[in-house]
Amino acid sequence: MIWVVLLLVAPVESLKPVILVPGALASKIEAKLDKSERSHFYCSKTSDWYTLWLKLESLLSPAVNCWADNFKMEFKDGVFSNTPGVETRVAGFGESRSLDYVDDGHHIVYYKDLVDSILSQPGAEEGVTVRAAPYDFRYSPPSKESQLYFDRLKKLVEDTYKTNGNKKVVLVSHSLGGLTISTFLHTVPQQWKDTFVHAWVSAAGVFGGAVKEIKVMVSHGIVNLPDFISNRLLHRDLARKIMGNYFMLPRYPIWGKDELLLQTPKSNYSLSNLDQLFLDMGVTDGPDKWATVRDASYTGDPGLKTYCFNGKDIPTSASFHYKNQADFPDQVPETIFGDGDGTVPARSLQMCHKWNSTVKVTEYSGPDTGEHDKVIQNQDFIKTVIQIISEDNMNI
């Protein structure tokens, strides 16, 4: 009977707390308006706090015009910021359920399956065992806002460690969250990592950037909806104003300086002449925006136990081609595909494979289990996270 009791108690004693870090577009951003004028006659100038990202209906015409005007960023004197009269904040920091869904209407599932599984474990408590660390994905390092987020994340890790009886925290990230965590870990001392963090689980990390971001800013935007539902060129112009999109562009040396990214009949564009691409597509401040973030990420060894998960064997944007010069940049180019998870190329995902700190690499083949956004809902991935937080000595 004593042994039965011990077996039942053991998982409770060993369960480690989890902090979830999302990718781009997964955090809930709220806004409050006090604008001097309307962008359109049907848009509000003033408001109390409301959901800026994401209510799906805000992306539909004509509401999308009001949304875009409030969501866009200003770039002045080398600094990105909200536009005048728009105040923003991120909702749900430190809570358990704030990253369950991408949207307010609960149509797009995000971390819900993982959170459900964690909270079903013996001894797990909502708001204690699993906590979310959302951020305003429009910003990126080296912005003041990113540094404030790193400060909040550091404190959240320390508080979660203490609240859970000095148990080390397991960080779980997805997509852009991987690059965010990688950069964050470079800002804290090794002693801090050794004290407070047990391991990092990275899913679909966009460590070296994504070629898809070229198309996002040239012709497409971040929202993939038909023109009769939402305005593609409006989304494209908005994407050119968002700091985070520049942060996710392909990076040297993961991509060679002269490696083709986009081709037109008149020009071949690569990292070596990315500034010229910005100018040719009409973004005169693009070179300055790119220079602001180009060297702001860190993808070296994180200095703590790391589990790396990613998809593979899925056609993924490798470069883009315009057959007719007149189509550049307003029409959508032809995509030349390579390997990856459907969003991020393999070479970017696999950077974490090379770290000395990586103890396990898991790759899921094909779109059913390995697609970029499906990895964190993959039952094998969820099972492995539960094993990591439940056991002290694992052979997984």
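Note: the structure precedes this text.
What comes next concerns the included structure. (Residues numbered from 1 in each chain as written. Predicted model: local features only at pLDDT ≥ 70, side-chain atom pairs only at ≥ 80, totals over all residues. Heavy atoms only, no water.)

1. A word on the pattern of salt bridges
Part 1 of the argument: In the structure shown here, the tally under the stated rule is 16 salt bridges.
Part 2 of the argument: Across the salt bridge formed by Arg 236 and Asp 237, the nearest N and O atoms sit 2.7 Å from each other.
Part 3 of the argument: Look at Asp 237 and you get partly exposed, because its relative accessible area is 31%.
Part 4 of the argument: Across the pair Lys 289 and Asp 285 runs a salt bridge whose closest N-O atoms are separated by 3.4 Å. (Salt bridge = Lys/Arg side-chain N within 4 Å of Asp/Glu carboxyl O. Buried < 20%, exposed > 50% of the residue type's maximum accessible area, 1.4 Å probe, protein only.)

2. Section: the side chain of His 174
Part 1 of the argument: Secondary-structure assignment places His 174 in strand β8 (residues 169-174).
Part 2 of the argument: Every residue in contact with His 174, bar those within four places of it in the chain, is listed here: Val 21, Pro 22, Gly 23, Tyr 110, Tyr 111, Ala 203, Ala 204, His 372, Asp 373 and Ile 376. (Helix = DSSP H or I, 4+ residues; strand = E, 2+ residues; numbered from the N terminus. Contact = heavy atoms within 4.5 Å.)

3. A closer look at the state of the cysteines
Part 1 of the argument: In the structure shown here, the tally under the stated rule is two disulfides.
Part 2 of the argument: A sulfur-sulfur distance of 2.0 Å marks the disulfide that ties Cys 43 to Cys 66. Judged by the sign of its S-S torsion, about -85°, the cystine formed by Cys 43 and Cys 66 is left-handed. Pair noted here: Cys 43 is in the loop between β2 (29-33) and β3 (50-53) and Cys 66 is in helix α2 (residues 63-71), with a separation of 23 residues, a long-range link.
Part 3 of the argument: Its relative accessible area of 15% is what places Cys 66 among the buried residues.
Part 4 of the argument: In this model Cys 308 forms its disulfide with Cys 352; the gap between the sulfur atoms is 1.8 Å. In this pair, Cys 308 sits in strand β12 (residues 306-312) while Cys 352 sits in the loop between α12 (346-349) and β15 (358-365), placing the two residues 44 residues apart along the sequence.
Part 5 of the argument: Relative accessible area serves as the criterion here: at 0%, Cys 352 is assigned to the buried category.
Part 6 of the argument: Along the protein chain, the cysteines engaged in disulfide bonds are linked according to the scheme 1-2, 3-4 when indexed in sequence order. (Disulfide = S-S within 2.5 Å.)

4. A closer look at the pairing of strand β1 (residues 18-21)
Part 1 of the argument: Judged by which residues are buried, β1 turns out to be covered on both faces: Val 18 and Leu 20 on one side and Ile 19 and Val 21 on the other are all buried.
Part 2 of the argument: Of the strand pairs in this sheet, β1 and β8 are connected by four bridges, and their pairing is parallel. Residue pairing across strands places Leu 20 opposite Val 172, the latter belonging to β8.
Part 3 of the argument: Judged from the three bridges that link them, β1 and strand β7 (residues 130-132) form a sheet pairing that is parallel. Bridging from a neighbouring strand, Leu 20 pairs with Ala 132 of β7. (Pairing = 2+ DSSP bridges.)

5. Quick notes on empty space enclosed by the protein
Part 1 of the argument: Counted according to the given criterion, the structure contains one cavity of 30 Å³ or more.
Part 2 of the argument: Around the largest cavity sit Ile 214, Met 217, Val 218, Leu 249, Leu 274, Leu 277, Phe 278 and Met 281, which together line it.
Part 3 of the argument: Breaking the lining of the largest cavity down by element, the ones donating at least two residues are α7 (212-220) and α10 (274-280). (1 Å grid on protein atoms, 1.4 Å probe; cavity = no way out; pocket = protein on both sides within 12 Å on 5 of 7 lines; lining within 4 Å. Points joined across faces, edges and corners; volume = space filled by probe spheres on them.)

6. What to know about helix α8 (residues 232-239)
Part 1 of the argument: Considered for burial, the residues of α8 that qualify are Arg 232, His 235, Arg 236, Leu 238 and Ala 239. With its buried residues spanning 165° around the axis, α8 presents them on a single face.
Part 2 of the argument: On the buried face of α8, the contacting elements are α2, α7 and α9 (243-247).
Part 3 of the argument: Its side-chain oxygen at 3.0 Å from the backbone nitrogen of Leu 233, Asn 231 defines the N-terminal cap of α8. (Arc of directions from axis to C-beta. Polar contact = N/O pair within 3.5 Å; in protein donor to acceptor, adjacent residues only side chain to side chain.)

7. Re the sheet that holds strand β10 (residues 262-263)
Working definition: the strands of a sheet are paired by backbone hydrogen bonds and lie parallel or antiparallel to each other.
Part 1 of the argument: In spatial order, the strands read β11-β10-β13-β14; together these four strands make up an open sheet with mixed pairing. The sheet is open, and its two borders are formed by β11 (268-269) and β14 (334-338), each paired with just one other strand.
Part 2 of the argument: Two elements, β10 and strand β13 (residues 316-321), share two bridges in a ladder whose sense is parallel. The residue of β13 that forms the bridge with Leu 262 is Phe 320.
Part 3 of the argument: The sheet strands contacting α7 are β10, β13 and β14, and the helix crosses β13 at an angle near 45°. (Axes fitted to C-alpha atoms, helices over the stretch in contact; angles between N-to-C directions.)

8. With respect to the nonpolar core
Looking at soluble globular proteins, one finds that nonpolar side chains tend to be buried together.
Part 1 of the argument: Trp 53, Val 172 and Phe 381 are the most contacted members of the largest nonpolar core, which totals 111 residues.
Part 2 of the argument: Each residue touching Phe 381, except ones within four places of it in the same chain, is listed here: Leu 114, Val 172, Val 201, Ala 203, Phe 309, Tyr 364, Val 375 and Ile 376. (Core = buried A, V, L, I, M, F, W, Y, C linked by side-chain atoms within 4.5 Å.)

9. Brief notes about helix α4 (residues 144-163)
Part 1 of the argument: Its 20 residues place the ends of α4 28 Å apart at the C-alpha level, agreeing with the 28 Å of an ideal helix rising 1.5 Å per residue.
Part 2 of the argument: Listing the buried residues of α4 in full gives Ser 146, Tyr 149, Phe 150, Leu 153, Leu 156, Val 157, Glu 158, Thr 160 and Tyr 161.
Part 3 of the argument: Contact partners of the buried residues in α4: β1, β7, β8, α5 (176-185), α6 (190-196) and β9 (197-203).
Part 4 of the argument: Once α4 ends, the next one or two residues include Gly 165, with phi positive near 70°. (Expected span 1.5 Å × (residues − 1).)

10. Details of the packing of α4 against α5
Part 1 of the argument: In the contact formed by α4 and α5, the axes pass within 11 Å of each other and the chain directions differ by 80°. Taken together, the axis directions place α4 and α5 in an arrangement best described as roughly perpendicular. Residues Tyr 149, Phe 150, Leu 153 and Lys 154 of α4 form the contact with α5, whose participating residues are Thr 180, Ile 181, Thr 183 and Phe 184.
Part 2 of the argument: Of the residues contributing to the contact of α4 with α5, the split by class is five nonpolar, two polar and one charged. (Parallel < 35°, antiparallel > 145°, perpendicular 65-115°, else oblique. Nonpolar A, V, L, I, M, F, W, Y, C, P; charged D, E, K, R; others polar.)

11. Things to note about unusual backbone geometry
Part 1 of the argument: Here the bond from Ser 61 into Pro 62 is cis, since omega is 5°, no more than 30 degrees from zero.
Part 2 of the argument: As for its position among the elements, Pro 62 is in the loop between β3 and α2.
Part 3 of the argument: The amide bond that connects Phe 328 to the next residue, Pro 329, takes the cis arrangement and shows omega of 0°.
Part 4 of the argument: Along the polypeptide, Pro 329 turns up in the loop between β13 and β14.

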